[in-house]
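Observations on chain architecture
Letter by letter, the chains look like this.
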Amino acid sequence: MTMTDGLPNTPSPALAADELPTTYRAADVESALYARWQAAGTDVASAARVDRMGGARQPYTIVMPPPNVTAILHVGHGLNNTVQDVLIRWRRMAGDEVLWLPGTDHAGIATQNVVEKQLAAEGSSRQALGREAFVARTAQFVETTGGEILNQLKSIGASADWTRTAYTLTEPMSAAVTEAFVRLFEDGLVYRGHRVIHWCPRCMTSLSDEEAEFNDTQGAMYHIRYHVAGDPSRSIVVATTRPETLLGDVAVAVNPTDERYTDLLGRELVLPLNGVHIPVIADDYTDAAFGTGAVKITPAHDPNDFEVGMRHRLATPVIMDAEARMNGVGEAIDRVPPELRGVDRFEARERIVNMLRDVGALVKIEPHAHSVRHCYRCDTVVEPRLSDQWFVKMAPLAKPALEAVRTGRIRIMPERWEAVYINWLEGIRDWNISRQLWWGHRVPVYYCDSCGTTPKASRTPITTCTECGAPARQDEDVLDTWFSSWLWPISTMGWPNENADDLKAFYPGDVLVTAPEILFFWVSRMIMSGYQFMGDAPYHTVYLHGTVRDMQHRKMSKSLGNGIDPLDVVKLYGADALRWTMVAGMGLGVDVLLDPTDLDKSFAPGRNFLTKLWNIGRFLLTKVGTDAVQPLSAIAPDALTIADRWILDRLDGAIADANAALGPVRPGPTGRWTDAERTMGMRLDAYADAGRHFVWNELADWYLETVKPRLAAGGADADVARAVLVHCFDNALRLLQPVIPFITHTLWAKLPALADGSARGGEFLCTAAWPDARSTADSGDAFELVRNATLAIRQIRNEYKVKPGRFIEATLVPATSDAASAPLLIETIGALTRANLSLHTAGDVPSAHQVLPGGTEVVIALAQLRDELSAEDTAKEAARLTAEIEATQKLLDGVRAKLSNESFTSRAKPEVVDGARAQERDLAQKVDALTRKVEAL
RNA sequence: GGGCGAAUAGCUCAGCUGGUUAGAGCACCUGUCUUACACACAGGGGGUCGGGGGUUCGAAUCCCUCUUCGCCCACCA
């Protein structure tokens, strides 16, 4: 017992009562502790410490998906950022140089909409204000109220590097956006296109394909008759879902093989209502089997019709204005009857249908379910509209992004999204990047109206035409918000300055954490921009988490009123409870279900676990006291009891489970994930559970209970127990820190000092070391006897309704395999079960038996239990036992049949066969013991 | 229309390359204020792993098929 020399043999003084209040109050701890982390700079990254820069650490980088600058925190942000914070905190402890780079997005349409609404409330508008003033006003709005969401993230514990906070509409970001645009322009990857795009008449801007979302809608199919010019006896019936567009029709197309219409090809039809003559044309686009087999062609208001129109060199009259009111552009005004001019498209639809009915052109109206595109920002039905826009040619950019996933440079989790990603990229279409908005990065293209020279893209503003010296004019449009977002992983690190320290140290990064909704909007485009501008992918893992939903599985939203405010949860139960509940309840890619009407119930897992952890800590720290403890390394192996070995073994198991659930951290030296690695790790729920299970179901439920007498006895063995206790709890807190950083730190800071004077890991748990498993290989198997015997005795006590407080006599009959350890353990088992446990061979008095795995028997004489039982109970018990014998016998027969099967014993893995043999033995013993038991009754 | 996925306990989900009596959390039932914790402790009930075929000594796990849900994409007016 030399290892405890010099330590007092009296119990260590207890903690002062006020140091650990009986209940954990998160509010007393969290904001103060967060401020200390900030002051100490625990989450500030240093490029110089990174191995790529000659430092000693591997970088671990996550760029935060930038929330909209005007957004307020909702539970989806909470989930997203908690996941990132868990990964970040884990790697920080594991010794990586960690960079979690936060920021916000200027969110073009969204922010402009908010300010426009304000202006409307003031009786003003952006047009009234003018561009410059509007932008200034919006900038000021962002300045004063924006970015609040980042502060809110702090209150849930997000340990981002706030010294690097970025915003997409700052000078450096603008420089990156301009540089990217100009490079693509110069490479011919940005071009001006004249085509039908998605137009939001409320936001008054074009949208990309991704921004125009499909909604299934119950609409109608209108069948309309167009008469042949000069021959009222002949006609063609067309079918359309948008009758109002007929004013812009320039042809009717039929399939060339459709014999119904062959004789009408080349003839002219008269458009009802405006009398315009249009030809009947043949085009493969028309499906003879659909509708009437005749399609009205409106090139300016339908992308397909536009294509048809191009093939047949047809005119493109625009019959709606930017606000989607019936109105002709230029000569097309003549196509719109005066009484319809200026009428909203939906109103116009009704009126046109009535007018068609009046002139006898309306054949029928059928219900028709179809998908209609809506603006992703304001949900207005999008209008296809012919206009000039800037596009990015995507096919060349998509190529390396596809290769990256195919070759394992990037993995997407859950894996099924890889197929979706590949599917989308293979059919990728060009990206409309110009928006008719004012809030955003202005398109860096300059025109000369005077000499009309080719428009130039420029990194610096052009004020005068380089050709003729006349004043140059910048393009009015701004770029799609996502055109700055797609540069986020590089622009935040200093690109286009390729020598920027951060870019060199932290790019490429590691993981991107987001929801699947923006896989195309953002994730894949970042990958493309990474390859295009830096020659490498921005991360090796895309982690797509689920969505937070209510109990009806509806997405939480403001309009449904079913949201949960994370800050409410923080106030009620603390950030740790919020974090724990979300992480522990979140399978890979699985939605998190929470009940907004019952926060108490929804966050019970977090709250319950925190309370339990607090009580474990309170009890443990009180029992251990304040005297310094030996580090585990100073304890001689033979001083460890069976229980000590067991709990240390379980700790190793928990560490291994946590590491397996989280890792692998990054791909190996090849830089590519192997097929096996692709699906490994990132199981945050499994990791959290490994920690919870250890600290609750092993440390608290078993070890803490068994160690009480040893601590009370004092002396050298008490010091061993103290050392083991503190070691286990210390490591458990380390394991749990990434999920619940506040409470773990609070408890950890109260652990007694180490007797050798060594530091435990600095001032903060969040920068202490991630646990390592012990190198020794001794197992804690012997302790299983305690657990099995205890469970058996408890079961018998319950079965026979023995009052919890009553002591009983019990006998342990050890099998040879347990003969050595049993004598050391009976006291422990007795203490756990309120039994006076003796150790000898089985008598033949009527008894309750339990056969433990391994063959040791627990025997409790029935005589002492008899008075608790009625005759009825006894009969019932006998019947129950008989049934159990039968069931066990059946199992046994099954196992024996299997073992006598030659194919099984020869082909199955040896350990499986051994398992079956052990099972046969245990079952046989059980049948035997149960039979004796029923006889004794 | 194309692509993908899922159906396992009342609910939400684990169950890896087929092998002891299919697990967890919550919910449920019984008992307990056992001097850290009733936000706890102890014990318990509950699943023919969606249906049907097949491969195998052996299938929740692999194959086929049917049914039902879900997701992504898409120019059928």
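The structure we're discussing is the one just above.
Remember, it's a predicted structure, so these values are computed and weren't measured experimentally.

Thoughts on the packing of aromatic side chains
The geometry of an aromatic ring pair is captured by the separation of the ring centres together with the interplanar angle, meaning the angle of the planes. Under the defined criterion, the tally for this structure stands at 22 aromatic pairs. Taken together, a centroid distance of 5.7 Å and an interplanar angle of 65 degrees make the contact between Phe134 and Trp438 edge-to-face. With Phe134 in helix α5 (residues 131-145) and Trp438 in the loop between β17 (434-435) and β18 (445-447), this pair connects stretches of sequence that are 304 residues apart. For Phe134, a relative accessible area of 0% translates into the label buried. Judged by relative accessible area, which is 18%, Trp438 ranks as buried.

Here's the deal with the pairing of strand β27 (residues 835-839)
As judged from the five bridges shared by strand β26 (residues 808-813) and β27, these two strands associate in the parallel manner. Within the sheet, the bridge partner assigned to Leu812 lies in β27 and is Leu839. Crossover connection from β26 via helix α25 (residues 822-833) to parallel β27: handedness right-handed.

A closer look at the sheet that holds β18
By definition, the strands of a sheet pair up through backbone hydrogen bonds, in either a parallel or an antiparallel sense. With antiparallel pairing, the three strands of this open sheet are ordered in space as β19-β18-β20. Of all strands in the sheet, those bounded by a partner on one side alone are β19 (456-457) and β20 (473-474). With two bridges joining them, β18 and β20 adopt antiparallel strand pairing. The residue bridging Tyr446 from the neighbouring strand is Gln474, located in β20.

Here we look at the environment of Phe506
In this structure, Phe506 sits in helix α14 (residues 501-506). The exposure class of Phe506 is buried, given its relative accessible area of 0%. Phe506 has contacts with Ala45, Ser46, Ala47, Val50, Arg52, Pro59, Thr61, Glu97, Leu99, Arg164 and Met493, leaving out every residue within four places of it along the chain.

Details of the side chain of Thr541
Along the chain, Thr541 turns up in strand β23 (residues 541-544). Residue Thr541 is classed as buried on the basis of its relative accessible area of 0%. Within the structure, the side chain of Thr541 is placed 3.0 Å from the side chain of Arg411, a separation counted as a polar contact. Ignoring sequence-local partners within four residues, the contact set of Thr541 consists of Arg411, Met413, Asp510, Val511, Leu512, Trp673 and Met682.

Quick notes on the protein's contact with RNA strand B
Taken together, 50 residues surround RNA strand B, and among them Phe290, Asn304, Thr611, Trp696 and Gln919 come closest. Within 4 Å of the protein, the atoms of RNA strand B are drawn from sugar and phosphate moieties in a proportion of 57%. Asn304 is positioned with one of its side-chain polar atoms (N or O) 2.6 Å from a sugar or linking oxygen of RNA strand B. Of all the secondary structure elements, the ones that give two or more residues to the surface near RNA strand B are β13 (362-375), α11 (416-426), α19 (604-624), α21 (684-713), α24 (784-799), α28 (902-907) and α29 (910-936). No other element matches α19, which puts eight residues into the surface near RNA strand B. When its residues are assigned to classes, the surface near RNA strand B shows 21 nonpolar, 17 polar and 12 charged.

Rules and cut-offs
Residues numbered from 1 in each chain as written. Chains lettered and ligands numbered in written order. Predicted model: local features only at pLDDT ≥ 70, side-chain atom pairs only at ≥ 80, totals over all residues. Heavy atoms only, no water. Phe/Tyr/Trp six-rings, centres within 6.5 Å; stacked < 30°, edge-to-face > 60°. Helix = DSSP H or I, 4+ residues; strand = E, 2+ residues; numbered from the N terminus. Buried < 20%, exposed > 50% of the residue type's maximum accessible area, 1.4 Å probe, protein only. Pairing = 2+ DSSP bridges. Right-handed = clockwise from strand over helix to strand, strands pointing away. Contact = heavy atoms within 4.5 Å. Polar contact = N/O pair within 3.5 Å; in protein donor to acceptor, adjacent residues only side chain to side chain. Near = heavy atom within 4 Å. Nonpolar A, V, L, I, M, F, W, Y, C, P; charged D, E, K, R; others polar.

Keep in mind these numbers describe shape, not what the thing actually does.
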